[in-house]
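# Close look at the chain arrangement
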Amino acid sequence: MTVQFTKASLQDQTVGHIAATLPGASAIFRNFKIDFCCGGDVTLDMAAKDLGLDVFVIEQALSALESDELPASTNLSSGELTEYIQSRFHDTHRREIPELILLARKVEAVHRDNPKVPAGVATLLKEMEGELEVHMKKEELILFPAMRWADTTLDAPISQMRYDHTDHGVYLQRLAELTDNFTLPEGACRSWQALYAGLAKLTEDLQDHIHLENNVLFPRFETV
Ligand SMILES: [Fe+2]
Ligand SMILES: [Fe+2]
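Residues numbered from 1 in each chain as written. Chains lettered and ligands numbered in written order. Predicted model: local features only at pLDDT ≥ 70, side-chain atom pairs only at ≥ 80, totals over all residues. Heavy atoms only, no water.

### A few points about the nonpolar core
The nonpolar side chains of soluble globular proteins are, as a tendency, buried together. Within the largest apolar cluster, 44 residues are counted, with the highest numbers of intra-cluster contacts made by Phe29, Leu44, Leu62, Leu125, Leu175 and Leu199. Of all elements in the fold, only helix H2 (15-21), helix H3 (25-31), helix H4 (44-51), helix H5 (55-63), helix H6 (78-110), helix H7 (121-149), helix H8 (155-178) and helix H9 (190-217) reach the threshold of two or more residues within this core. Here this core takes 9 residues from H9, the largest share from any one element. Taken domain by domain, this core gets at least three of its residues from each of domain 1 (7-63) and domain 2 (75-221). The contacts of Leu199, once residues within four sequence positions are left out, are Leu100, Val121, Leu125, Leu175, Thr179 and Phe182. Core analysis: the second largest hydrophobic core is formed by 16 residues, Phe89, Ala146, Val216 and Leu217 among them. (Core = buried A, V, L, I, M, F, W, Y, C linked by side-chain atoms within 4.5 Å. Buried < 20%, exposed > 50% of the residue type's maximum accessible area, 1.4 Å probe, protein only. Helix = DSSP H or I, 4+ residues; strand = E, 2+ residues; numbered from the N terminus. Domains from an automatic or database assignment. Contact = heavy atoms within 4.5 Å.)

As structure tokens, this is what we get:
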């Protein structure tokens, strides 16, 4: 999901709208102590002024969320590709999943009587976060360094990583089921909107991440 904003359009949009439509924006607003939920009807420009903040600094942080396109990955060396995967995907998952857990806990608690409440999403995300962390550590500490420096067959560890990726796909499937494919109910609050926008981005990121590893990086080191 690529969301394009210009500086001018961001300043003039309400923080509630930005939080609901730009995945990851809620975490940035939280860092700047900008109230995007109850006080979300003010423009970014006004919200920044009220807090004595420089709106351009906030815009810069928001712009960094706009996911860059996948690089022409087949042209990258394996060292460059593994570094790209770590910074673009591993770091992003680590930054965004904790925020999604907070949002999910909030939505589940505040709207527990709503029949559409995505009950269980926070627990599922927490479990997924743990599984992903173990998996990414194995790649960062063992597999990726081996790809950069070692001259050995990597079929066995790659096979394990592919197996893990299948499990990650099951998590994504369960997230989609629990949220009815991220379909918001009528009148959903901004936190609920931000949660589903963030979950949709997580899904897209993780799919791109697994695609790069399974279909571009791993085949370079497989003999079977
Ligand atoms: Fe990875
Ligand atoms: Fe992986």
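### So, the coordination of the iron ion (ligand 2)
The protein atoms donating to the iron ion (ligand 2) are His135 (NE2), Glu139 (OE), His165 (NE2) and Glu213 (OE), with metal-donor distances spanning 2.0 to 2.1 Å. Every donor residue of the iron ion (ligand 2) comes from the same chain, spaced as H-x3-E-x25-H-x47-E. Look at Glu139 and you get buried, because its relative accessible area is 0%. (Donors = N, O, S within 2.8 Å, 3.2 Å for Na, K, Ca; no water.)

### Observations concerning the domain arrangement of the chain
In many reports, interface size means the accessible area that the parts give up when they come together. You can read the domains of the chain as domain 1 (7-63) and domain 2 (75-221). The partner domain 2 presents 11 residues to the 12 residues of domain 1 that form the contact. For the pairing of domain 1 and domain 2, the buried interface totals around 980 Å² over both sides, and the portion due to carbon and sulfur atoms is 58%. Along the contact surface separating domain 1 from domain 2 lie 1 salt bridge. With a closest N to O distance of 2.5 Å, Arg190 and Asp41 form a salt bridge. Mapped by element, the contributors of at least two residues to the side of domain 1 that touches domain 2 are H2 and H3. The element that contributes the greatest number of residues to the side of domain 1 that touches domain 2 is H2, accounting for 4 residues. Across the side of domain 1 that touches domain 2, the residue classes break down as 6 nonpolar, 4 polar and 2 charged. (Buried area = accessible area lost by both parts, 1.4 Å probe. Salt bridge = Lys/Arg side-chain N within 4 Å of Asp/Glu carboxyl O. Nonpolar A, V, L, I, M, F, W, Y, C, P; charged D, E, K, R; others polar.)

### Observations concerning H5
Restricting attention to buried positions, one finds in H5 the residues Val55, Ile58, Glu59 and Leu62. The buried residues of H5 occupy an angular sector of 100 degrees when the element is viewed end-on, so they sit on one face. N-capping of H5 is provided by Asp54, with a side-chain oxygen placed 2.9 Å from the backbone N of Phe56. (Arc of directions from axis to C-beta. Polar contact = N/O pair within 3.5 Å; in protein donor to acceptor, adjacent residues only side chain to side chain.)

### Examining the coordination of the iron ion (ligand 1)
Distances from the iron ion (ligand 1) to its protein donors, namely His90 (NE2), Glu139 (OE), His209 (NE2) and Glu213 (OE), fall within the range 1.9 to 2.2 Å. If you look at the iron ion (ligand 1), its 4 donor atoms make angles of 90 to 166 degrees with each other, and the shape they trace is irregular. Taken in chain order, the donor set of the iron ion (ligand 1) reads H-x48-E-x69-H-x3-E. Separation of the iron ion (ligand 1) from the iron ion (ligand 2) amounts to 3.2 Å, with Glu139 serving as a shared donor to the pair. You can see Glu139 sitting in helix H7 and its partner His209 sitting in helix H9, a full 70 residues away along the chain. (Tetrahedral: all angles 85-135°; square planar, octahedral: opposite > 155°, others 65-115°.)

### Quick look at the pattern of salt bridges
If you walk through the whole model with that rule in mind, you get 12 salt bridges. Close ionic contact of Glu96 with Arg95 constitutes a salt bridge, the shortest N to O distance being 4.0 Å. Residue Glu96 is classed as buried on the basis of its relative accessible area of 11%. The partner of Asp205 in a salt bridge is Lys201, with the nearest N and O atoms 2.7 Å apart. In this pair, Asp205 and Lys201 are both assigned in helix H9, 4 residues apart and thus about one turn of the helix distant. Taken individually, Asp205 and Lys201 each receive the classification buried, so the pair is uniform in this respect.

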